[in-house]
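Here is what each chain is made of, one letter per residue.
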Amino acid sequence: MSTLVLKDSVTRDDVDDAMAALGYRLTNVVPAGPGQPAQLIFSQPAGKVVAHVIDDQRLRVTYLAVQGEAAEPARDALAERLVALAPEAQAEILEGLPSASGASPELLRALASLVLQEPDGPRLDRHLEAALRHPDPQLRVAGLTAVTYRPRAALRPALDAIAEGDPEPTLRQAAGQILSQLEVTA
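All figures in this text were calculated on a predicted structure; none of them were measured in a lab.

Q: An account of the environment of L40 is requested, with residue identities and associated values reported.
A: For L40, the position within the fold is in strand β3 (residues 38–43). A sequence separation of 28 residues divides L40 from R12, and the C-alpha atoms of the two residues are 9.8 Å apart.

Below you can see the structure in the form of structure tokens.
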């Protein structure tokens, strides 16, 4: 599966137009439910590629998840038609995360893009840890949310620090829950 995070400026009409231009048809609409984001599911007539447009309120982004035989080229074709957060822009935004003065929409979007698109490894861990250790509680919340999508044992020290000493009780509790999930999966 290949993912692509869309900018806030992309509308439902933009998505419909891009899908129609590339030969996709809307095949299903999945409403949001408990633990389930809203989705629009498009497929090409040959059924070789399926594109999910996911409105993820937890991460506060809308993104495409493209799967099938030609997922990468299909994602690239959709990226040309839909304004997406370019990997270069994401990298530049995330490099400034440790010194960011607050949780800007761009920074939150870049963090969501990271967790949805970055392969496991030191870069993912470094940026998630920077969010978890950030002085802004909104960024710590975003970091905790991102970690629920990609639990990482390498983040245990940062999670321990939140669970044991964060000034926000809800963040301490959330970090404790993530740590207990890490223990279950270990």
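Moving on, there is more to tell.
Q: Mind laying out the sheet that holds strand β4 (residues 49–56), listing which residues take part and the relevant values?
A: What the 5 strands build is an open sheet, ordered β1-β5-β4-β3-β2; its pairing is antiparallel. At either end of the open sheet lies a strand with only one pairing partner, and these are β1 (2–5) and β2 (25–30). Averaged over all adjacent pairs, the angle separating strand axes in this sheet is 20°, with direction ignored. Both β2 and β3 contribute to a ladder of 5 bridges, which runs antiparallel.

Q: Go over helix α5 (residues 122–132), please, and point to the residues and values.
A: The periodicity of an α-helix, 3.6 residues per turn, causes residues three or four places apart in sequence to face the same way. Along α5, the positions that sit buried rather than exposed are L124, D125, H127, L128, A130, A131 and L132. Contacts from the buried residues of α5 go to α3 (87–95), α4 (105–117), α6 (137–149) and α7 (156–165).

Q: For helix α2 (residues 71–81), give the residues involved together with the corresponding values.
A: Along α2, the residues classified as buried are A71, A74, R75 and L78. All buried residues of α2 project into a common sector of 100° when viewed along the axis, lining one side. Of the residues in α2, the exposed ones pointing more than 90 degrees away from the buried face are P73 and E80. Where α2 is buried, its residues meet β1, α1 (12–21), β4 and β5 (61–68).

Q: Before we move on, could you go through the side chain of S113 and cite the residues and values that matter?
A: For S113, the position within the fold is in helix α4. Not counting chain neighbours up to four residues away, the residues in contact with S113 comprise V5, L85, Q90 and E118.

Criteria and thresholds
Residues numbered from 1 in each chain as written. Predicted model: local features only at pLDDT ≥ 70, side-chain atom pairs only at ≥ 80, totals over all residues. Heavy atoms only, no water. Helix = DSSP H or I, 4+ residues; strand = E, 2+ residues; numbered from the N terminus. Pairing = 2+ DSSP bridges. Axes fitted to C-alpha atoms, helices over the stretch in contact; angles between N-to-C directions. Buried < 20%, exposed > 50% of the residue type's maximum accessible area, 1.4 Å probe, protein only. Contact = heavy atoms within 4.5 Å. Arc of directions from axis to C-beta.

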